[in-house]
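Coordinate analysis (summary)
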Amino acid sequence: MLKDTGLYYDEYLRQVIDVLETDKHFREKLQTADIEEIKSGKLSRELDLVSHHVRTRLDELKRQEVARLRMLIKAKMDSVQDTGIDHQALLKQFEHLNHQNPDTFEPKDLDMLIKAATSDLENYDKTRHEEFKKYEMMKEHERREYLKTLDEEKRKKEESKFEEMKKKHGDHPKVHHPGSKDQLKEVWEEADGLDPNEFDPKTFFKLHDVNNDGFLDEQELEALFTKELEKVYDPKNEEDDMVEMEEERLRMREHVMNEVDINKDRLVTLEEFLRATEKKEFLEPDSWETLDQQQLFTEDELKEFENHISQQEDELRKKAEELQKQKEELQRQHDQLQAQKQELQQVVKQMEQKKLQQGNAPAGPGGELKIQPRMWLSV
């Protein structure tokens, strides 16, 4: 089963692949197809040859996915209180299915799903790197802003602590070059519990092909770097950042994939793996630089980032001020309405009192008010 890709349509992608693999003919085609056949859409045309049961299940999956996307769109539009939602137009933003035909799964759907997943996965790591860089710049920005709030003595103490933690984090054992013989032998010995003198690449590959599908996928590769990462990062240590550890793991995996994955299908075959072990770099690799040995951003980049933050803060402040004005205006209108209400209530009360007084006065034969003369007038 395909592992989590991190894509927003990951579940749909995995379900489609699982269903397609239940068809013997398509499964055989999938196993023998190379990455270019998959990307070009040649594999998608094989969909016409799968069984009726499989096509029916794929139709059902597509209808469920379209319904899910429509719910997401509606929830998003409801949150901004928009009306007259054109679901069909909004569905166009989702490129992993044919929105013009929401009921049946056709070869075009498989082609679109493959192309979208291929493109998105290629950009996924790039996006993660960009987010990590922002994370590091935000950390530094917040540290500098905090220092501004301290007096000189406390600031020097805080800066000294910061440098001490940097030094402590950088004081770690040598990290082997990812994918090198030394690195893999260490896994073989410490994780697998085998004799390092009996290291065998073919056996190593089979041991770490956890799902026995004949490939080392990205998750299986990343698991190989745990021992190296433990040399640098410990969740118990204040100076070690686990977000940085995951970035380190990602960079290691990318490096090995670039070196080993010949056809760029994001999977390493036994043949590709064995071929890589014959290279000079496998036996005599360059030293590996960990994140603490690299400059993650420049001062200019940090300044640009801080300017962007400042602009966002200004926009939020303006919105807050506008909302405050609206609140005050609503309160003023509310107070005005309350005052008008009280005035009306007072008028009604006075009218009722006047009616009551008029109803108690004696009346003449024609219903006119009869005024009783005061006694002193008759004297």
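Source: prediction; values computed, not measured.

The rules behind the values
Residues numbered from 1 in each chain as written. Predicted model: local features only at pLDDT ≥ 70, side-chain atom pairs only at ≥ 80, totals over all residues. Heavy atoms only, no water. Helix = DSSP H or I, 4+ residues; strand = E, 2+ residues; numbered from the N terminus. Buried < 20%, exposed > 50% of the residue type's maximum accessible area, 1.4 Å probe, protein only. Contact = heavy atoms within 4.5 Å. Areas by Shrake-Rupley, 256 points an atom, 1.4 Å probe, with all protein chains shown as cover. UniProt positions renumbered as here; feature names shortened; annotations may be inferred. Salt bridge = Lys/Arg side-chain N within 4 Å of Asp/Glu carboxyl O. Phe/Tyr/Trp six-rings, centres within 6.5 Å; stacked < 30°, edge-to-face > 60°. Lys NZ or Arg CZ within 6 Å of the ring centre and 35° of its normal. pLDDT = per-residue confidence, 0-100. Core = buried A, V, L, I, M, F, W, Y, C linked by side-chain atoms within 4.5 Å. Axes fitted to C-alpha atoms, helices over the stretch in contact; angles between N-to-C directions. Parallel < 35°, antiparallel > 145°, perpendicular 65-115°, else oblique. Nonpolar A, V, L, I, M, F, W, Y, C, P; charged D, E, K, R; others polar.

A separate point is the overall build of the protein. The helix and strand tally for the protein stands at 15 helices and two strands. A buried classification covers 31% of the 379 residues belonging to the protein. Look at the contacts in the protein between residues 6 or more apart in sequence, and 63% of them connect residues 24 or more apart. Accessible area of the protein: about 25700 Å², with a carbon and sulfur share of 50%.

In this section: the UniProt feature "domain: EF-hand" (unreviewed entry) in the protein. Following the UniProt record, the feature "domain: EF-hand" (unreviewed entry) maps to residues 196-231 and 248-283 here. A distance of 19 Å separates the end C-alpha atoms of residues 196-231, which is 56% helix and 6% strand. Secondary structure over residues 248-283 splits into 67% helix and 6% strand, and the C-alpha atoms at its two ends are 22 Å apart.

This brings us to the pattern of salt bridges. Pairing is possible between side chains that carry opposite charge, provided their charged atoms lie close to one another. Tallied over the entire structure, the rule returns 32 salt bridges. Here Lys 134 and Glu 131 are joined by a salt bridge, their closest N and O atoms 3.8 Å apart. Of this pair, Lys 134 and Glu 131 both sit in helix H6 (residues 107-148), separated by three residues, roughly a single helical turn. Owing to a relative accessible area of 45%, Glu 131 belongs among the partly exposed residues under this scheme. Across the pair Glu 152 and Lys 156 runs a salt bridge whose closest N-O atoms are separated by 3.4 Å. Here Glu 152 and its partner Lys 156 are both found in helix H7 (residues 152-170), four residues apart, which amounts to about one turn of the helix. For Lys 156, a relative accessible area of 54% translates into the label exposed.

Right, let's talk about the packing of aromatic side chains for a bit. Each aromatic ring pair is specified by the distance between its two centres and by the angle formed by the two planes. Inspection of every chain in the model, using the stated rule, returns seven aromatic pairs. Ring geometry for Tyr 8 versus Tyr 9: centroids 4.9 Å apart, planes at 85°, classification edge-to-face. Residue class for Tyr 9 comes out buried when judged on its relative accessible area of 1%. Judged by centre distance (5.8 Å) and plane angle (55°), the rings of Tyr 8 and Phe 94 are tilted. Highlighted residues: Tyr 8 in the segment before helix H1 (10-20) and Phe 94 in the loop between helix H5 (87-91) and H6, separated in sequence by 86 residues. Given the relative accessible area of 44%, Tyr 8 is considered partly exposed. When its relative accessible area of 11% is taken as the criterion, Phe 94 is described as buried. Through a chain of ring-to-ring contacts, three or more aromatic side chains come together here, namely Trp 188, Phe 199, Phe 204, Phe 205 and Phe 273. A cation over a ring is seen here: Arg 143 above Phe 162, with NZ or CZ 3.9 Å from the ring centre.

A negative phi angle characterises most non-glycine residues, just as the trans form characterises most peptide bonds. Phi at Asn 212 is positive, roughly 55°, even though this residue is not glycine. Position of Asn 212 relative to the elements: it lies in the loop between helix H9 (201-208) and strand S1 (215-216).

Here we come to the confidence of the model for the protein. Reading fine detail from the predicted coordinates is not recommended where pLDDT is low. Scored by pLDDT, the protein has a mean of 86; 88% of the residues are at 70 or more. The secondary-structure element of the protein with the lowest mean pLDDT is H5, recorded at 59, while H9 shows the highest, at 96. Under a pLDDT of 50 for its full length, residues 374-379 has, in the predicted model, zero contacts with residues more than four places off or in other chains.

This part takes up the nonpolar core. Among the nonpolar cores identified, the biggest contains 28 residues, and Tyr 9, Tyr 12, Val 16, Leu 20, Leu 58, Phe 105 and Leu 110 are the most heavily contacted of them. Where this core is concerned, the elements lending two or more residues are H1, helix H4 (52-79) and H6. In contact with Leu 20, other than residues within four places in its own chain, are Phe 26, Arg 27, Leu 47, Val 54, Leu 58 and Leu 110. Judged by nonpolar contacts, the second largest core, of 26 residues, contains Phe 199, Leu 229, Met 252 and Val 256.

A separate point is the environment of Glu 164. Its location among the elements puts Glu 164 in helix H7. Sequence separation of Glu 164 and Glu 239 is 75 residues, and the distance between their C-alpha atoms is 9.1 Å.

To continue, consider the side chain of His 141. You can see His 141 is positioned in helix H6. Not counting the four nearest positions on each side in its chain, His 141 is found in contact with Glu 306 and Ile 309.

Inspection of the secondary structure assignment puts Tyr 12 in helix H1. Spatially, the C-alpha atom of Tyr 12 lies 9.6 Å from that of His 96, the residues being 84 residues apart in sequence.

This part covers the environment of Glu 230. Relative to the helices and strands, Glu 230 resides in helix H11 (residues 226-232). On the basis of relative accessibility, which here comes to 48%, the residue Glu 230 falls in the partly exposed class. For the pair Glu 230 and Val 175, spaced 55 residues apart in sequence, the C-alpha separation works out to 9.7 Å.

Before going further, it helps to examine the packing of H6 against H7. One can describe the packing of H6 onto H7 by two numbers: an axis separation of 10 Å at closest approach and a directional angle of 155°. What the angle tells us is that H6 and H7 run roughly antiparallel. Residue-level contacts link Glu 140, Arg 143, Tyr 146 and Leu 147 of H6 to Arg 155, Glu 158, Glu 159 and Phe 162 of H7. Tallied by class, the residues present in the contact of H6 with H7 amount to three nonpolar, no polar and five charged.

Glancing now at the side chain of Gln 183. Note that Gln 183 resides in helix H8 (residues 181-191). Exposure remark for Gln 183: the relative accessible area of 0% places this residue in the buried category. Gln 183 has contacts with His 176, His 177, Pro 178, Leu 224, Phe 225 and Glu 228, leaving out every residue within four places of it along the chain.

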